[in-house]
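Descriptive analysis of the structure
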Amino acid sequence: MKAVYHKYMLEFKRPSGTSRGIMTEKETWFIVLDDNGRKGIGECGILRGLSADDRDDYEEKLKWTCENIHLGETALWEALLEFPSIQFGVEMAFLSLKSENPYLLFPSNFTSHSESIPINGLVWMGEASFMKEQIEEKLADGFNCIKLKIGAIDFQKELELLEFIRSHFSAEQIEIRVDANGAFTLNEALDKLNQLNIFQLHSIEQPIKKGNTTAMADLCNATPFPIALDEELIGVFSLEEKEELLQKIKPQYIILKPSFVGGFRGTQEWITLAEKYNIGWWITSALESNIGLNAIAQWTFLLNSKMPQGLGTGALYTNNFDCPLEVKQGQLWYNTKKNWLGASF
């Protein structure tokens, strides 16, 4: 068996804003296995500036992985502990290799088009008018759960946008999640949470920067509505560290991106611990191409979560790969009549 890797730059249709800045493109890497002509494809979805494995030796580690592919999936996963996106790419590539169809990794009622996955509609940061336009678009598209990125524009304007939604839709009609990406300072966080609380929000992701575990624990204890950890989970590699973090902070939810937390195996470790401590969870993609998103969606369906998942990012790019995934009325479907295009490696 041989393995090679390729870099691919995904181009955003329009610049997309978070509290960490504006993104116009997104780097990703693919591992391709070849076993006597049989192919397997896995995506290593790194996000520069955020992923734990955003390191100078990233490509060097990809090269090492391909040169040592004979070690097998389990040994490689363990050797790549500090490179979670490569762990995920390896997992995906081996699953793809074993499958009759390299893109059908987990056959289910989802991949047969008889069931769908509820997802949230993502609203990116930007000028208030642009965010309002996105909100109206998501509501018109039939989403009953939307997620707003907040923390980059004036907080008062963000409150006005939430007021706009709630003036038209009750909490029973539209679930609102907000993601601060660590934008609130330690001193202002609780006050801002209290101001946000009047809009009956489902949850807020990462209100303060990761690494402030004592402050985050205090915030999770005092918050008027649920807090979900996201960035806080990045770079926490061992099972012991994961359990220690959840025991200390006691969040209401955790959000799991397989590319950030060690693929399916690493994600399952977090889920098992979360359920042990009665912490809710959901799965989110990390801006992968449709190849990574496809694998995450198929696996997520098997988890049987009824919560809306964060899997609606397939239409963000101008040069993504055409695939069977499609979003309709706030649900992610696998359209068996659509084929993969432009994804030959």
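Residues numbered from 1 in each chain as written. Predicted model: local features only at pLDDT ≥ 70, side-chain atom pairs only at ≥ 80, totals over all residues. Heavy atoms only, no water.

As annotated in an unreviewed UniProt entry, the protein carries the name O-succinylbenzoate synthase and is attributed to Flavobacterium oncorhynchi.

1. As for the domain arrangement of the protein
According to the domain assignment, the protein consists of domain 1 (2-98) and domain 2 (116-334). Each of domain 1 and domain 2 has a C-alpha centre, and the two are 23 Å apart. Contact between domain 1 and domain 2 buries roughly 3,100 Å² in total, counting both sides, with carbon and sulfur atoms accounting for 66%. For the interface between domain 1 and domain 2, the tally reads two salt bridges. The salt bridge partner of Glu78 is Arg265, with a shortest N-O separation of 3.6 Å. The interface formed by domain 1 and domain 2 includes twelve residue pairs in polar contact (both at pLDDT 80 or more). Looking at the side of domain 1 that touches domain 2, the elements that each hand over two or more residues are β1 (2-18), β2 (21-35), β3 (38-44), α2 (73-79) and α3 (84-98). When residues of the side of domain 1 that touches domain 2 are assigned to their parent elements, the largest contribution, ten residues, is made by β1. (Domains from an automatic or database assignment. Buried area = accessible area lost by both parts, 1.4 Å probe. Salt bridge = Lys/Arg side-chain N within 4 Å of Asp/Glu carboxyl O. Polar contact = N/O pair within 3.5 Å; in protein donor to acceptor, adjacent residues only side chain to side chain. Helix = DSSP H or I, 4+ residues; strand = E, 2+ residues; numbered from the N terminus.)

2. What about helix α4 (residues 128-140)?
Helix length check: α4, at 13 residues, gives a terminal C-alpha distance of 18 Å against a target of 18 Å (1.5 Å per residue), a fit within 8%. Of all the positions in α4, only Phe130, Met131, Gln134, Ile135, Lys138 and Leu139 are classed as buried. Phi for Gly142, located one or two positions after α4, is positive at around 95°. (Expected span 1.5 Å × (residues − 1). Buried < 20%, exposed > 50% of the residue type's maximum accessible area, 1.4 Å probe, protein only.)

3. Brief notes about the UniProt feature "domain: Mandelate racemase/muconate lactonizing enzyme C-terminal" (unreviewed entry) in the protein
Under the local residue numbering, the UniProt record ascribes the feature "domain: Mandelate racemase/muconate lactonizing enzyme C-terminal" (unreviewed entry) to residues 128-226. Annotated as 45% helix and 13% strand, the span residues 128-226 places its first and last C-alpha atoms 25 Å apart. (UniProt positions renumbered as here; feature names shortened; annotations may be inferred.)

4. Some details on the sheet that holds strand β5 (residues 121-123)
Strand pairs in the sheet, formed through backbone hydrogen bonds, run parallel or antiparallel to each other. Ordered in space as β5-β6-β7-β8-β9-β10-β11, the seven strands form an open sheet in which the pairing is parallel. The open sheet has two edge strands with one neighbour each: β5 and β11 (280-283). Ignoring strand direction, the axes of neighbouring strands in this sheet form an average angle of 25°. Pairing of strand β6 (residues 145-149) with strand β7 (residues 175-179) involves five bridges; the strand directions are parallel. Across the sheet, Lys147 pairs through a bridge with Arg177, a residue of β7. Along the sheet, helix α5 (residues 155-168) makes contact with β6 and β7, crossing β7 at roughly 170°. (Pairing = 2+ DSSP bridges. Axes fitted to C-alpha atoms, helices over the stretch in contact; angles between N-to-C directions. Contact = heavy atoms within 4.5 Å.)

5. Digging into the packing of helix α1 (residues 58-67) against α3
Close contact between α1 and α3 brings their axes to 11 Å; oriented N to C, the two are set at 30°. Taken together, the axes of α1 and α3 are roughly parallel relative to one another. In the crossing of α1 with α3, the sense of the turn from one axis to the other is right-handed. Note on element contacts: α3 touches α1 through Ser85, Ile86 and Val90, opposite Tyr58, Lys61, Leu62 and Thr65. Split into classes, the residues belonging to the contact of α1 with α3 amount to four nonpolar, two polar and one charged. (Parallel < 35°, antiparallel > 145°, perpendicular 65-115°, else oblique. Left-handed = near helix turned anticlockwise from the far one by under 90°. Nonpolar A, V, L, I, M, F, W, Y, C, P; charged D, E, K, R; others polar.)

6. A closer look at the nonpolar core
If you look at the biggest cluster of nonpolar residues, it comprises 85 residues, and the most contacted ones within it are Leu148, Leu196, Ile204 and Ile254. The leading source of residues in this core is helix α11 (residues 290-302), at seven residues. Ignoring anything within four residues of it in the chain, the contact list for Ile204 reads Ile150, Val178, Ala180, Phe184, Leu193, Leu196, Phe225, Pro226, Ile227 and Ala228. If you look at the next biggest cluster of nonpolar residues, it comprises 18 residues, including Ala3, Trp29, Ile31 and Phe83. (Core = buried A, V, L, I, M, F, W, Y, C linked by side-chain atoms within 4.5 Å.)

7. What to know about the environment of Trp340
Mapped onto the secondary structure, Trp340 falls in the segment after β13 (331-334). Given a relative accessible area of 15%, Trp340 falls into the buried group. As for Trp340 and Ile291, which are separated by 49 residues in sequence, their C-alpha atoms are 9.4 Å apart. Beyond its immediate stretch of four places on either side in the chain, Trp340 contacts Tyr103, Asn290, Ile291, Asn294, Phe321, Asp322, Cys323, Pro324 and Tyr334.

8. Considerations on the sheet that holds strand β12 (residues 325-328)
Ordered in space as β4-β13-β12, the three strands form an open sheet in which the pairing is antiparallel. Because the sheet does not close on itself, it has two edges, and the strands there are β4 (117-118) and β12. Bridge count between β4 and β13: two bridges; the pairing is antiparallel. Residue pairing for β13: Pro118 is matched across the bridge by Gln331.

9. A short note on the environment of Asn109
One can find Asn109 in the loop between α3 and β4. Remark: the alpha-carbon pair of Asn109 and Leu302, spanning 193 residues in sequence, is separated by 9.2 Å. When near neighbours in sequence (up to four residues on either side) are disregarded, Asn109 contacts Ser114, Glu115 and Phe301.

10. A few points about the packing of aromatic side chains
This structure, assessed with the given rule, holds 15 aromatic pairs. For the ring pair Tyr8 and Phe30, a centre distance of 6.2 Å and an interplane angle of 65° mean the geometry is edge-to-face. With Tyr8 in strand β1 and Phe30 in strand β2, this pair connects stretches of sequence that are 22 residues apart. A relative accessible area of 23% places Tyr8 in the partly exposed class. An angle of 85° between the planes, with centres 5.0 Å apart, marks the rings of Phe88 and Phe264 as edge-to-face. A residue pair is termed long-range when its members are at least 10 positions apart, and Phe88 in helix α3 and Phe264 in helix α10 (residues 263-276) qualify at 176 residues. Phe264 gets classed as buried once you look at its relative accessible area, which sits at 7%. An aromatic cluster is defined as three or more aromatic residues linked by ring pairs; in this entry it consists of Tyr5, Trp29, Tyr58 and Phe83. (Phe/Tyr/Trp six-rings, centres within 6.5 Å; stacked < 30°, edge-to-face > 60°.)

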